[in-house]
Amino acid sequence: MSVSTDSTDSTELPSPCLVVLVGPGAAGKSTWASLHFAPEQIVSSDRLRAVAGTGEDDQSASQDAFALLDDIVRMRVGRRLTTVIDTLGLDPGRRARWVALARSHQVSCVAVTFDTSPAQCRARNRARPRSIPVDVLSQQLRQWVATRDGLADEGFDRVITPAPVTVVTPAFTGARAASKRQREDPVGLRFGLHLSAFDAPGGAPALRSWLVEVATAAETAGFDA
């Protein structure tokens, strides 16, 4: 399933693609994913904690939840289905495995970075029914700072900010930019003149002057070649 938005300024991603969300808790990752992708495309560690344990906040189920997540991601990428991994994304080992998995199946791998300010993350966290412990969120914020600047060197095909996205077939990923260039600087049709025979009036002795005459007339008429 391809996902589109109404925005004309959306970022185009090739279909299929593996999208890895990276950022601290309360940075807006799940909200962004739900706005731009279908529920079946999003693999969430929180939701899988509810499957493997007593609820999304059951930290004792984290190991099983991530085992399920890895299995689901592996199966979806193996079937070349667009998949969004909704976790903190702060574990470098997991990121490296996801990049390698995508590459092994010739699927584009994109990191979406959520550089939300610490103050905003903390404010959002306080407003949650079940907030992340303050010391845990502080640790995540420190991890994010250590992670942020190195993502470009981890092998992702693209590292983007959480703008609106459109998932399209690879052949059309540059179509919007090409359309914009054409509107701003139109490229018209160009015409060339091809001489299929050199039977100049007057025969071979007149060939040179005839070619000069034809070329001059073509250039005057506006031919490009």
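Residues numbered from 1 in each chain as written. Predicted model: local features only at pLDDT ≥ 70, side-chain atom pairs only at ≥ 80, totals over all residues. Heavy atoms only, no water.

Draft legend 1. Region of the structure containing the sheet that holds strand β6 (residues 158-160). The sheet built from five strands is open, its strands ordered β3-β4-β2-β5-β6 with parallel pairing. Two strands bound the open sheet, and with one partner strand each, they are β3 (42-44) and β6. On average, each strand axis in the sheet is inclined to that of its neighbour by 20°, with strand direction left out of account. For strand β5 (residues 108-113) and β6, the ladder comprises three bridges, and the chain directions are parallel. By the bridge assignment for β6, Val 110 is matched with Arg 158. (Pairing = 2+ DSSP bridges. Helix = DSSP H or I, 4+ residues; strand = E, 2+ residues; numbered from the N terminus. Axes fitted to C-alpha atoms, helices over the stretch in contact; angles between N-to-C directions.)

Draft legend 2. Geometry of helix α4 (residues 92-104). A rise of 1.5 Å per residue sets the reference length of α4, with its 13 residues, at 18 Å; its end C-alpha atoms lie 18 Å apart and thus fit the reference within 8%. Along α4, the residues classified as buried are Arg 95, Trp 98, Val 99, Leu 101 and Ala 102. On an axial view of α4, the arc spanned by its buried residues comes to 160°, and they lie on one face. For α4, exposure combined with an orientation more than 90 degrees from the buried face picks out Arg 103 and Ser 104. (Expected span 1.5 Å × (residues − 1). Buried < 20%, exposed > 50% of the residue type's maximum accessible area, 1.4 Å probe, protein only. Arc of directions from axis to C-beta.)

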